[in-house]
Amino acid sequence: MRRAFVPLLAIATAMFVYAPILIANAPYESTMGLVQKIFYFHVPSWFAMFTAVFVCGVESAIFLFRKKPSADRIAAAAGEVAVLFGLMGLVTGPLWGRKSWGVWWPWDARVTIALLVELTFVGYLLVRKFGGPGADKLAAAMAIFGMFNVPFLYVSVDIWRTIHPKTTVVPTLPGGMPGPFWFSVAAFLLLCGLLMTARAHLEHQRAALDALYLEEE
Amino acid sequence: MITRLCLVLFGALFSLLLSAGPALAQPPQQNEFVPINTLPPSDQLPSAPLLVAAYAFVWLATMFYLWTIWRRLGKVEAEIHALERRGGAGLHR
Amino acid sequence: MTMFGRVAFLVLRKDATIEIKSLEILSTTLFFALSCVLVFAFAFVKEGSIVADASAGILWIAIAFAGTLALGRTFERERYAETVRALLLAPAPRAAIYVGKLLGIVLLLISAEVMLVPLVALLFSASLFARPLLLAGLLVAGTVGFAAVGTLFAAMLVRSRTRDIMLPILLYPITVPVIIAGVRGTAALLSSPPDEAIAGMWIGLLLCFDVVFVTLALWTFEPLMTE
């Protein structure tokens, strides 16, 4: 993985440079026009965020039950990356919504619970940093509970009729839209994986540093 | 014990889906939010700045995050090298 | 009764005995909830009457805030008397201790709600008792969900220095689905005529939340309380 990192980073960068070209060539959506093109970055960033949330939750569970320190390091990395991609989603969403719905924040179910999942993982990072001794286990529990909250997000948007596009939008994309969309999804997921790897490497080096300090004593 | 708990969890999720079923069949009428189909012409915002801002944010956030990782990694590795130099023969990797 | 049930009942009985003697947590929690209700009422009153449906929101916010305090106080009592280690050293399944504590907190919160709900109905002329069974279902299901997550986190934070601020940070994002379901369900019951279908649907969602999160809490209690 280490040697593959730089080439993969180059590939990801290339994908992100090429994506706007693909997106510009995609057909316009009938009612929303140009601003709908935010969709090609907005939805993939949420896909990446949920991937990171899932990784964080699973690794936290492994850490809690198998007591593997490497799982804790990956969970820490995934938590930060989840907050990053969530922030991207929460910024691109209102930019799109301001134009197409007229309001920056519509307070509907999906948007609200997306914010909550983001807040849960910001809380996760706060607990890791300020929780004192035993904070890693506390944070692990928080990540697991946060991960299990996510299905309620999907149920909420189908039960509660809102102005947010429903989950049926992606499978039924018209015309030339699926191509750029899935390309963007691939680019975001690749980026997500690379960022998690880089961040986990930082955690690994920090653990190595701690081990060196302990040896010194 | 774990298997039982997993079964309970599965049952809960299944019942969640079941409860969503009848709700989907007859969506209860909640009228807090009505879709805005067209904005009045006076409220038309130019799309391009919003689009550019969205893409720019994604790029900048990614690059900023990579930079913070690189900076933190640099500090940690500098400390590791300092420790190894100080420890000298006594430390083994 | 199985060992599990006996242990849970003993823990519950211990907490209930202490609480009934002093009524310390119940009275302070209730008073705090009432203060919350009044503060929010001043924010939402317009021309002498409350904004529609605000009473549902105010009720659940008061329950959430008071519940957080009650959780903090209950475990503070354990920490002060240094009984946490005793509980953990007892030759009893850890999950049973969790269930006993959970039942204690649920009973405490429901006792507070029994007094809070009529007060809110009176102050805001809210027809909360139009469908008392559905309202009771909402409150019980919501309280169990909130307490399930809260008991676990409060127990974990007992030995932490930063427990006072960490409990809300951990608790609120995860239990807001409970608050949403509770408020929407109560608001449905406040409409005229009371919308039973929607209230029933939100109760169903709350029950699913309860099952999922109590199961999760039982599963993770053991590794979390082991140091």
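## Looking at the overall build of chain B
Secondary structure summary: chain B contains two helices and zero strands in total. Looking at chain B as a whole, 9% of its 93 residues are labelled buried.

## Side note on the overall build of chain A
Within chain A, the regular secondary structure consists of six helices and zero strands. Sequence-ordered secondary structure for chain A, helices as α and strands as β, is α-α-α-α-α-α. For chain A, the proportion of its 217 residues judged to be buried stands at 46%. Put simply, of all contacts in chain A between residues at least 6 apart along the chain, 77% involve residues at least 24 apart.

## As for the interface of chain A and chain C
Counting residues at the interface gives 23 residues for chain A and 22 residues for chain C. Contributions of two or more residues to the side of chain A that touches chain C are made by helix H2 (39-66), helix H4 (109-130) and helix H5 (135-159) of chain A. Among the elements that make up the side of chain A that touches chain C, the one with the highest residue count is H5(A) (11 residues). In terms of residue class, the side of chain A that touches chain C is built from 15 nonpolar, seven polar and one charged.

## A closer look at unusual backbone geometry
Even without glycine at this site, Lys67(A) takes up a positive phi of about 60°. Among the secondary structure elements, Lys67(A) is positioned in the loop between H2 and helix H3 (69-100). Residue Lys67(A) is classed as exposed on the basis of its C-beta count, with 12 C-beta atoms lying within 10 Å. Of note in the backbone geometry, Ser125(C) takes a positive phi value of approximately 50° without being a glycine.

## So, the environment of Lys37(A)
Position of Lys37(A) among the secondary structure elements: in the loop between helix H1 (2-25) and H2. Separated by 52 residues in sequence, Lys37(A) and Gly89(A) have C-alpha atoms that sit 14 Å apart.

## Brief notes about the environment of Ala217(C)
Residue and element names in this part refer to chain C. Note on placement: Ala 217 falls in helix H8 (residues 196-225). Linking Ala 217 and Val 114, residues 103 residues apart in sequence, is a C-alpha distance of 26 Å. Once you skip the residues sitting within four places of it in the chain, Ala 217 turns out to touch Tyr 98, Ala 148, Val 149 and Leu 152.

## Some words on the packing of H3(A) against helix H6 (residues 178-216) of chain A
Residues and elements named next belong to chain A. Contact pair H3 / H6: the axes reach a minimum separation of 8 Å and the direction vectors enclose 135°. Classified by the interaxial angle, the pair formed by H3 and H6 is oblique. Here H3 and H6 pass one another in a crossing that is right-handed. On H6, the residues touching Pro 69, Arg 73, Ile 74, Ala 76, Ala 77, Ala 78, Glu 80, Val 81 and Phe 85 of H3 are Cys 192, Leu 195, Met 196, Arg 199, Ala 200, Glu 203, His 204 and Ala 207. Taken together, the residues of the contact of H3 with H6 break down into 12 nonpolar, one polar and four charged.

## Topic: helix H7 (residues 163-190) of chain C
Helix geometry: H7(C) is bent most strongly at Thr175(C), by close to 50°, with proline Pro177(C) lying one to four residues after it. Of all 28 residues in H7(C), 22 are buried, a share of seventy percent or more.

## A closer look at the nonpolar core
Ranked by size, the top nonpolar core spans 149 residues in total, and within it Ala52(A), Ala78(A), Val81(A), Ala82(A), Val149(C), Leu206(C) and Ala217(C) carry the most contacts. In terms of residue count, the dominant contributor to this core is H8(C) (20 residues). If we skip the residues at most four places from it in the chain, Val149(C) touches Phe145(A), Leu171(C), Ile174(C), Thr175(C), Phe213(C) and Ala217(C).

## Let's talk about the packing of H2(A) against H3(A)
Residues and elements named next belong to chain A. Taken N-terminus to C-terminus, the directions of H2 and H3 make an angle of 155°; their axes are 7 Å apart at the nearest point. With respect to each other, H2 and H3 are oriented roughly antiparallel. Our pair here, H2 against H3, has a crossing hand that is left-handed. Class assignment for the residues of the contact of H2 with H3 results in 19 nonpolar, eight polar and three charged.

## Looking at the confidence of the model for chain B
Atom-level detail of predicted coordinates should not be read off regions where pLDDT is low. All names here are of chain B. On average, residues of chain B carry a pLDDT of 68, and 45% of them reach 70 or more. Within the model, the stretch residues 19-36 combines pLDDT values under 50 with 23 contacts to residues more than four positions away or in other chains. Predicted as a complex, the structure gets a pTM of 0.80 and an ipTM equal to 0.82.

## Digging into the environment of Ser160(C)
Relative to the helices and strands, Ser160(C) resides in the loop between helix H6 (132-157) and H7. Leave out the neighbours within four places in its chain, and Ser160(C) touches Gly131(A), Gly132(A), Gly134(A) and Met166(C).

The rules behind each value
- Residues numbered from 1 in each chain as written.
- Chains lettered and ligands numbered in written order.
- Predicted model: local features only at pLDDT ≥ 70, side-chain atom pairs only at ≥ 80, totals over all residues.
- Helix = DSSP H or I, 4+ residues; strand = E, 2+ residues; numbered from the N terminus.
- Buried ≥ 20, exposed ≤ 12 C-beta atoms within 10 Å, placed from the backbone.
- Contact = placed C-beta atoms within 7 Å.
- Nonpolar A, V, L, I, M, F, W, Y, C, P; charged D, E, K, R; others polar.
- Axes fitted to C-alpha atoms, helices over the stretch in contact; angles between N-to-C directions.
- Parallel < 35°, antiparallel > 145°, perpendicular 65-115°, else oblique.
- Left-handed = near helix turned anticlockwise from the far one by under 90°.
- Bend = angle between axes of the 7 residues up to and from the residue.
- Core = buried A, V, L, I, M, F, W, Y, C linked by C-beta atoms within 7 Å.
- pLDDT = per-residue confidence, 0-100.

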